[in-house]
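One letter stands for each residue in the lines below.
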Amino acid sequence: MSCALLLLLTSLALVMGTGTAVEIQRPRGVPQSKRQFYEENKPFTCLDGSSTIPFDQVNDDYCDCRDGSDEPGTAACPNGSFHCTNAGFRPAFIPSSRINDGICDCCDTTDEYNSGATCQNTCREMGRKERESLQIMAEITKEGFLLKQQLIHEAKRGQEDKQGKLTELQGSKKGLEGKMEALRTVKKTAEDPEKEAKERHLKSWEEQKELIRMEKDKTRMAEAFLELDDDADGYVSVAELQSHLELDPDSDGSLTETETQGLLGGAGKVDTSTFETVWSGIKDKYLSEGLSDPPAPVETPKEEESRDFVSDHDSDHYPEDYAGEEEDVEDDEEDDDHEEEEKVPPTVQTPEKREDDELSMPPYDTETQILIDAAQKARDDFDEAERALREVDGQMKNLEKEIGFDFGPSAEFAYLYSQCYELSTSEYIYRLCPFNRVSQKPKFGGSETNLGLWGQWAGPEENLYSVMKYDHGQGCWQGPNRSTTVKLTCGKETVVTSTSEPSRCEYLMEFTTPAVCQEPASLDEVLHGHTEL
Amino acid sequence: LLKGACVTARRMDMEEKCSRANSVSGIQEMDENGVVLSLGADSQWLIVSAKPFRLDIMEGREVLLSLNSRGLLAFEHLRIRTVTSAELVLNVVCPGWLFSPTGPSSISLDFSLPGVEHVYGIPEHADSLKLKTTDGGDPYRLFNLDVFQYELFNPMALYGAIPVMLSHSAQRTMGIFWLNAAETWVDISSNTAGKTVFGQMLDYVQGSSETPQTDVRWISESGIIDVFIMLGPTPTDVFSQYSSLTGTQAFPPLSALAYHQCRWNYNDQEDVAAVDQGFDEHDIPYDFIWLDIEHTDGKRYFTWDPHKFPQPKDMLQGLVDKRRKMVTIVDPHIKVDSSYKIHNEIRSKGFYVKNKDGGDYEGWCWPGNSGYPDFTNPEMRAWWASMFAYDQYEGSMENMYTWNDMNEPSVFNGPEVTMHKDALHGNWENRDLHNLYGLYVQMATAEGLIERSGGVERPFVLTRAFFAGSQRYGAVWTGDNTAEWEHLKISIPMCLSLGLVGVSFCGADVGGFFKSPSTELLVRWYQTGAYQPFFRAHAHLDTPRREPWLFGPENTALIREAVRQRYALLPYWYQLFYHAHHSGQPVMRPLWVEYPQDTATFSMDDQFLLGEDLLVHPVTEEGGRGVTAYLPGKGEVWFDVHTFQKHNGAQNLYIPVTISSIPVFQRGGSIIPRKARVRRSSSCMEHDPYTLFVALSPKRFAQGELYIDDGHTFNFDKQKQFIHRRLSFANKALSSRNLAPGSQFITPSWIEKIVILGASKPSKATLKTPDGKENLLEFEFDASMSVLTLRKPGVNAGVDWTVVLQ
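Scoring rules and cut-offs
- Residues numbered from 1 in each chain as written.
- Chains lettered and ligands numbered in written order.
- Predicted model: local features only at pLDDT ≥ 70, side-chain atom pairs only at ≥ 80, totals over all residues.
- Heavy atoms only, no water.
- Helix = DSSP H or I, 4+ residues; strand = E, 2+ residues; numbered from the N terminus.
- Rg over C-alpha atoms; globule rule 2.2 N^0.38 Å.
- Buried < 20%, exposed > 50% of the residue type's maximum accessible area, 1.4 Å probe, protein only.
- Contact = heavy atoms within 4.5 Å.
- Areas by Shrake-Rupley, 256 points an atom, 1.4 Å probe, with all protein chains shown as cover.
- Lys, Arg positive; Asp, Glu negative; His and termini not counted.
- Charge placed at Lys NZ, Arg CZ, Asp CG, Glu CD.
- Salt bridge = Lys/Arg side-chain N within 4 Å of Asp/Glu carboxyl O.
- Pairing = 2+ DSSP bridges.
- UniProt positions renumbered as here; feature names shortened; annotations may be inferred.
- pLDDT = per-residue confidence, 0-100.
- Buried area = accessible area lost by both parts, 1.4 Å probe.
- Polar contact = N/O pair within 3.5 Å; in protein donor to acceptor, adjacent residues only side chain to side chain.
- Nonpolar A, V, L, I, M, F, W, Y, C, P; charged D, E, K, R; others polar.
- Core = buried A, V, L, I, M, F, W, Y, C linked by side-chain atoms within 4.5 Å.
- Phe/Tyr/Trp six-rings, centres within 6.5 Å; stacked < 30°, edge-to-face > 60°.
- Disulfide = S-S within 2.5 Å.
- Axes fitted to C-alpha atoms, helices over the stretch in contact; angles between N-to-C directions.
- Parallel < 35°, antiparallel > 145°, perpendicular 65-115°, else oblique.
- Left-handed = near helix turned anticlockwise from the far one by under 90°.

This brings us to the overall build of chain B. Of regular secondary structure, chain B possesses 17 helices and 46 strands. Relative to the compact-globule value of 28 Å for 806 residues, chain B shows a C-alpha radius of gyration of 27 Å, a close match. Across its three principal axes, chain B shows a C-alpha extent of roughly 90 × 75 × 50 Å. By the burial criterion, 62% of the 806 residues in chain B qualify as buried. For chain B, the proportion of contacts with a sequence separation of at least 24, taken over those separated by at least 6, is 71%. In the form shown here, chain B has an accessible surface area of approximately 29700 Å², with 53% of it arising from carbon and sulfur atoms. With 73 positive and 94 negative side-chain charges, chain B shows a spacing of 6 Å between the two charge centroids.

Two side chains that carry opposite charge are able to pair once their charged atoms sit near each other. Counted according to the given criterion, the structure contains 72 salt bridges over all chains. Its salt-bridge partner being arginine 677 of chain B, residue aspartate 61 of chain A comes within 2.8 Å of it at the nearest N-O pair. Of this pair, aspartate 61 of chain A sits in the loop between β4 (52-53) and β5 (81-84) while arginine 677 of chain B sits in the loop between β36 (670-674) and β37 (690-695), placing the two residues on different chains. Each of the two residues, aspartate 61 of chain A as well as arginine 677 of chain B, counts as buried. Arginine 680 of chain B serves as the salt-bridge partner of aspartate 105 of chain A, at 2.5 Å between the closest nitrogen and oxygen. You can see aspartate 105 of chain A sitting in the loop between β6 (92-95) and α1 (123-228) and its partner arginine 680 of chain B sitting in the loop between β36 and β37, one on each of two chains. One network of salt bridges, with partners in common, ties together Asp101 and Asp105 of chain A together with Asp276, Asp280, Lys322, Arg324 and Arg680 of chain B.

Now for the sheet that holds strand β19 (residues 362-365) of chain B. All names here are of chain B. The sheet built from 3 strands is open, its strands ordered β18-β20-β19 with antiparallel pairing. Of all the strands in the sheet, just β18 (334-335) and β19 have a single pairing partner and so form its edges. When β18 meets strand β20 (residues 368-371), the two strands line up antiparallel, connected through 2 bridges. Within β20, the residue paired with isoleucine 334 across the bridge is glycine 371.

For the rest of this paragraph, the subject is the UniProt feature "domain: Glycosyl hydrolase family 31 C-terminal" (unreviewed entry) in chain B. Cross-referencing UniProt, the feature "domain: Glycosyl hydrolase family 31 C-terminal" (unreviewed entry) maps to residues 584-672 of chain B in the present numbering. Here residues 584-672 of chain B is 4% helix and 38% strand, with 20 Å between the C-alpha atoms at its ends.

A few words now on the confidence of the model for chain B. Across chain B, the average pLDDT comes to 93, with 92% of residues at or above 70. Confidence estimates for the predicted assembly give a pTM of 0.81 and an ipTM of 0.90.

Further remarks concern the interface of chain A and chain B. Contacts between the two partners involve 30 residues from chain A, matched on the other side by 30 residues from chain B. Roughly 2500 Å² of surface becomes buried between chain A and chain B when both sides are summed, with 41% attributable to carbon and sulfur atoms. A salt bridge links arginine 680 of chain B to aspartate 101 of chain A; the nearest nitrogen and oxygen atoms lie 2.9 Å apart. Put simply, chain A and chain B have 18 residue pairs in polar contact (both at pLDDT 80 or more) between them. Residue contributions to the side of chain A that touches chain B peak at 3 residues, all from strand β15 (residues 495-503) of chain A. Of the residues that constitute the side of chain A that touches chain B, the class distribution is 12 nonpolar, 9 polar and 9 charged.

Membership of the largest hydrophobic core comes to 149 residues, with the highest contact counts inside it found for Phe302, Trp384, Phe460, Tyr526 and Leu610 of chain B. The element best represented in this core is helix α11 (residues 437-452) of chain B, accounting for 9 residues. Phenylalanine 302 of chain B has contacts with Val330, Tyr340, Ile342, Trp384, Met387, Phe388 and Tyr393 of chain B, leaving out every residue within four places of it along the chain. Listed in part, the 31 residues of the second largest apolar core include Phe405, Met468, Tyr470 and Val486 of chain A.

Residue and element names in this part refer to chain B. Applying the stated criterion across every chain, the model contains 68 aromatic pairs over all chains. The interplanar angle of 50° and the centroid separation of 6.4 Å between the aromatic rings of phenylalanine 351 and tryptophan 383 together place this pair among those described as tilted. With phenylalanine 351 in the loop between α8 (341-348) and β19 and tryptophan 383 in helix α9 (residues 378-386), the pair connects residues that are 32 residues apart, well separated along the chain. Tryptophan 383 gets classed as buried once you look at its relative accessible area, which sits at 8%.

The next point concerns the confidence of the model for chain A. In regions of low pLDDT, the predicted coordinates are not meant to be interpreted in detail. All names here are of chain A. Confidence along chain A averages 81 in pLDDT terms, with 79% of residues attaining 70 or more. Per-residue pLDDT, averaged within each element of chain A, yields its smallest value for strand β1 (residues 8-15) (35) and its largest for strand β13 (residues 467-471) (97). This model gives residues 1-23 a pLDDT under 50, and the stretch forms 43 contacts once residues within four places in sequence are excluded. For the stretch residues 294-356, pLDDT sits under 50, and the model shows 38 contacts to residues farther than four places along the chain or on other chains.

It is worth spelling out the side chain of histidine 538 of chain B at this point. Residues and elements named next belong to chain B. Among the structural elements, histidine 538 can be located in the loop between β27 (535-537) and α14 (552-568). Given the relative accessible area of 2%, histidine 538 is considered buried. The contact partners of histidine 538, leaving out residues within four places of it in the chain, are Cys262, Arg263, Trp264, Asp292, Trp403, Asp509, Val510, Gly512, Phe513 and Arg546.

All right, on to the pairing of strand β42 (residues 765-768) of chain B then. All names here are of chain B. By the bridge criterion, 4 bridges tie β42 to strand β43 (residues 774-777) in an arrangement that is antiparallel. The partner of lysine 768 across the bridge, within β43, is glutamate 774. Connecting β42 to the next strand, β43, in antiparallel fashion are 5 residues, including glycine 772 with a positive phi near 90°.

The next thing to look at is the UniProt feature "coiled-coil region" (unreviewed entry) in chain A. According to UniProt, the "coiled-coil region" (unreviewed entry) feature falls on residues 375-402 of chain A. Here residues 375-402 of chain A runs as 100% helix and 0% strand, with 41 Å between its end C-alpha atoms.

What follows concerns the state of the cysteines. All names here are of chain B. Throughout the structure, instances matching the rule amount to 9 disulfides over all chains. Here cysteine 495 engages in a disulfide with cysteine 506; their sulfurs sit 2.0 Å apart. Disulfide cysteine 495-cysteine 506: the torsion about the S-S bond is -75°, which places it as left-handed. One end of the pair, cysteine 495, is in helix α12 (residues 485-500); the other, cysteine 506, is in strand β26 (residues 506-507), and 11 residues separate them in sequence. Its sulfur unpaired, cysteine 262 is 16 Å from the next cysteine sulfur, which belongs to cysteine 506. We note that cysteine 365 lacks a disulfide partner, and the nearest cysteine sulfur, in cysteine 262, lies 17 Å from it. Residue cysteine 365 is classed as buried on the basis of its relative accessible area, which comes to 3%.

Time to look at the packing of α9 of chain B against α11 of chain B. All names here are of chain B. Two elements in contact, α9 and α11, have axes whose closest approach is 7 Å; the angle formed by their N-to-C orientations is 45°. By the angle between their directions, the pair α9 and α11 is classed as oblique. Crossing angle aside, the handedness with which α9 passes α11 is right-handed. For the pair α9 and α11, contact is made by Arg381, Trp384, Ala385 and Ser386 and by Tyr440, Val441, Met443, Ala444, Thr445, Glu447, Gly448 and Glu451, respectively. Considering only residue class, the contact of α9 with α11 consists of 6 nonpolar, 3 polar and 3 charged.

All names here are of chain B. The sheet built from 6 strands is open, its strands ordered β28-β29-β30-β35-β32-β33 with antiparallel pairing. The open sheet terminates on both sides in strands that have one partner only, identified here as β28 (588-589) and β33 (646-648). Relative to strand β29 (residues 608-610), β28 runs antiparallel, the two sharing 2 bridges. Across the sheet, methionine 588 pairs through a bridge with leucine 610, a residue of β29.

In this section: the environment of proline 698 of chain B. Residues and elements named next belong to chain B. Among the structural elements, proline 698 can be located in the loop between β37 and β38 (702-708). Separated by 63 residues in the primary sequence, proline 698 and glycine 635 have C-alpha atoms spaced 7.7 Å apart. Setting aside anything within four residues of it in sequence, one finds proline 698 in contact with Gly635 and Val637.

Structure (structure tokens):
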């Protein structure tokens with residue numbers, strides 16, 4: 001039976017660094033600090049005071065105390081804990097359930113005293129290793145902390161520089177605003193006469209164009225009359241006109257006598273003077289007999305020019321031709337209907353109109369041109385001033401943003417701003433641009449994925465600046481937007497040391513920087529801080 | 001028909017089982033239109049009528065069940081098919097789907113169940129425990145399919161199919177086993193369905209009219225009519241009758257009954273180590289960590305991703321050191337890749353399923369283009385089993401077990417995401433045996449795990465697809481559920497339905513597979529899952545991590561407590577599985593199985609029994625402030641296992657709950673063994689002592705058992721190495737005596753504590769051991785709850801002893 005497990009450790013030698021052996025007596029699993037509560041041969045009162053039991057029921061492998069304090073050395077209590085001294089390493093508490101469970105938990109093997117598990121005492125080895133790594137860490141911390149001081153110093157200077165620059169920019173912004181206002185007035189003053197002169201010019205051109213058109217129309221009419229007057233009797237008769245099927249008013253394919261008579265204003269035939277009235281009714285449809293087919297509708301850039309000229313006089317930019325329009329990719333997705341419309345060829349134009357369109361506006365007279373040039377210069381000057389102001393605004397905004405960032409209590413993280421750090425894995429290149437974004441790019445082609453934009457510092461309350469959070473990255477199928485947690489640890493170098501994706505689309509990045517190095521405690525403190533004597 | 005059944009049984013290698021079944025013993029009466037045959041016991045008769053053809057099974061003057069009473073018997077005989085043009089069109093739309101080369105071959109038969117208003121079973125459906133009538137809707141469909149985000153309360157087919165229906169009334173429980181693995185449909189109608197309570201009352205008051213009756217019609221696409229009728233009369237009888245046909249639940253290794261931590265996917269060895277460490281840091285026990293498909297080298301099963309899992313044996317050894325285990329996934333779709341050994345061997349041996357033109361059938365699955373081994377071929381199964389040998393499955397070790405997923409089989413580009421019906425398994429079309437494929441995959445895998453240990457170790461294999469008999473090979477789970485409250489609730493009827501037809505080792509993904517559960521839902525799911533047979537948390541690749549400690553210390557503590565309750569109860573779970581293995585009794589039971597005359601229990605599926613002694617009513621409502629549990633049994637009592645408060649049976653009990661509540665009751669009259677020392681894995685608890693919870697009946701009587709063996713080998717069976725003891729409390733004495741005199745096993749475990757609920761205070765308690773010694777035991781008595789706790793009997797769990805209270 002395995003229940004007689006009360007076992008007092010009569011001579012547990014604790015070998016300390018100095019090699020001094022100290023003999024102590026206490027029940028199994030009790031830490032030195034609680035030794036006084038376990039007095040041999042006196043009734044034991046549970047540490048929560050809930051009951052008192054004979055001392056031989058301490059560590060008898062049956063749980064009597066609600067707080068588990070009567071079984072520090074057995075697994076009997078579900079909420080108990082066992083103290084391993086771990087001489088040569090750090091002492092530790094383990095849950096009672098790990099006593100004699102066949103797994104070595106304490107490096108001094110004291111937790112497996114009755115399970116058959118063979119454990120090796122690894123405390124000294126572990127102690128040595130820990131000492132070594134603490135030593136290394138301490139050195140890193142020391143150097144890192146020095147670097148950090150430098151970073152703080154630089155950040156302070158940088159911050160001052162930026163503040164100075166900002167003040168400077170604020171001054172020049174004022175100047176630029178004044179200048180821009182002045183130029184706006186100049187521009188207006190120059191544009192008014194320009195507009196008047198242009199309108200004048202246009203108006204006279206319109207009048208002239210109308211005259212030319214009338215002249216041309218007359219010529220065509222005379223030609224048509226001669227063409228129609230087949231028998232050259234000075235009259236155009238119903239019969240002569242009837243051969244022009246294109247004039248059929250109801251477009252049923254036959255031009256009847258009555259219809260033709262209607263076209264001739266009710267008369268059987270007309271002379272040149274009466275033909276004027278008839279002509280105005282048929283000229284849009286009339287096809288010269290010299291042409292066997294109706295002309296194919298051909299669009300020319302010139303036509304476009306004339307069509308847009310009036311409304312777009314301000315600009316030297318004309319719409320592109322149709323080919324150009326179709327190549328315009330950006331337009332493609334924006335507005336399909338609009339595009340469809342543009343693709344439809346314009347309706348058939350009469351030859352007259354086409355001729356008319358071939359005419360172009362004569363150049364501006366010198367006087368107008370001078371006004372235009374002056375106005376253009378005023379516009380350019382104004383635009384230039386506006387651009388300069390925008391630029392200053394942008395610079396100020398960037399500066400204000402940078403100054404506004406939380407770069408840590410002493411701005412020690414400021415040096416990371418506008419830097420990027422990369423880590424290459426077997427598949428991807430990860431890129432961390434602190435205070436900006438995290439991204440991932442496949443090594444062998446493929447586009448970059450946004451793993452998150454700068455969110456906030458996200459460390460625990462007492463150590464806020466130990467974790468950075470980047471979120472709102474590219475969305476995941478059926479999942480959240482990608483996000484990245486960056487854990488910062490003290491190091492001499494600024495470098496991304498590892499990345500992983502512990503959960504789908506939630507990335508974890510480890511990053512060393514001197515900026516998180518704490519003031520080093522003395523090595524002795526680190527090593528002996530928790531050692532129980 | 002009965003002869004047909006025996007022929008089929010022989011085909012299924014169950015000859016000796018069949019001979020035990022009732023046989024027709026003689027012609028009793030006969031005329032020109034029929035014969036009356038005696039069925040032997042209990043004055044049961046079979047009346048065969050010729051015109052119209054029908055069969056009636058009678059007991060005395062009562063009709064128990066009629067076949068073809070509605071004349072729906074139909075069959076089509078095989079013939080040379082002439083293709084109609086309509087068929088041609090359909091075959092273009094659904095190639096290989098509709099028509100076999102021998103023409104349509106469907107079969108159908110109807111069954112009438114007079115006096116029956118409740119039928120159950122025919123899993124797998126995400127539906128209530130009591131089957132619904134299908135009038136005006138689709139019939140229940142049985143056709144193994146990989147269903148994406150399945151719908152609830154729907155007769156649609158899911159991953160598995162067990163064509164077994166149970167009928168139950170206060171008088172009798174019966175079963176119908178329609179042995180057919182082709183696509184099958186079941187229509188249910190009832191003459192009382194749709195009647196209002198008032199209508200039923202009126203019938204009753206007026207002494208009216210018709211007896212309630214349920215009519216059922218089975219239709220299968222092909223095969224023969226091959227039916228087993230199980231006449232009961234008790235639920236227990238039906239369970240043993242059915243298990244005599246298809247076998248009983250495999251007895252799992254004890255650790256498989258503990259908690260399983262799964263996720264698609266644990267990313268790499270470091271991740272596995274970190275999760276393992278997380279469980280220790282948060283002091284939560286677990287036994288198995290699982291690796292889904294991403295652990296393989298390009299979805300080539302039996303391999304490891306060389307970057308993520310470069311040293312699988314180191315990883316497994318790390319788990320061995322913690323006395324924990326691993327499951328890796330092995331799916332039946334095999335990547336078509338000439339540099340993949342498994343593929344090359346299957347191809348060269350001609351083991352792949354063929355398409356109708358004789359070439360290897362190929363379809364798309366996780367690895368891309370894949371072949372599907374013909375698991376119906378015994379040679380293929382033997383070869384597959386040999387692949388689990390330690391020298392074949394590189395990187396595998398004794399503590400690594402297997403999970404068969406996607407074995408419906410899932411074919412991404414196949415009709416309804418499964419195999420074409422005209423694909424060929426030898427001479428058989430997939431059409432004819434579709435629902436059996438998954439069973440054979442698990443069979444071959446389980447055989448592999450047995451073989452690799454030289455026949456010593458019990459296997460543990462989880463499957464998604466299943467058929468009648470799958471219980472012999474391991475566990476099943478309810479597939480890809482969703483992190484929603486309704487899915488938590490449906491896990492109860494889904495596993496109850498499976499338990500009724502032989503499959504006791506059932507569970508649902510704790511937390512829900514798709515989507516992300518709220519913290520409350522996750523906690524409630526752990527609490528529910530802790531009391532269901534297969535207890536595994538699982539999550540989809542695209543969901544955020546949900547290891548138990550990621551939701552703040554309060555929720556970590558709640559989950560820890562739920563898992564600990566599971567571990568403490570493992571001795572009872574193990575004992576229940578021993579019985580399921582031994583006699584086919586379900587582990588998780590509807591209340592009516594134990595209270596067959598209590599009509600109030602017939603439709604209950606929000607609470608259940610574990611064995612006959614524990615009643616569980618988990619909280620499955622969001623924001624639940626209380627549950628109303630029905631405690632059955634007039635004159636019985638139930639004890640709250642947490643507070644020990646006593647409640648009377650035959651009442652609806654309102655229980656106020658908090659987020660930490662898991663309402664569980666122990667039946668007065670029972671003794672349940674627990675291990676109170678919960679450790680980090682079940683193996684660590686192997687030699688720990690037992691605490692016995694003795695819940696007294698109103699007559700101050702209680703009875704229970706204690707079953708102990710090595711927990712993982714077949715020695716319990718082959719060498720009778722086990723302890724099985726009867727614990728009984730009567731006449732103020734609690735005793736332990738041997739239930740299996742031929743057995744022997746030595747355990748270091750002892751009796752740590754005995755808690756007697758509903759006790760009165762004795763003046764002294766004496767422990768008597770076989771060596772004649774008598775020891776006085778210290779005890780505590782809690783008068784407010786009438787709980788007597790005997791301190792440290794200390795007697796070995798395997799010997800005779802008696803505690804006498806005076």
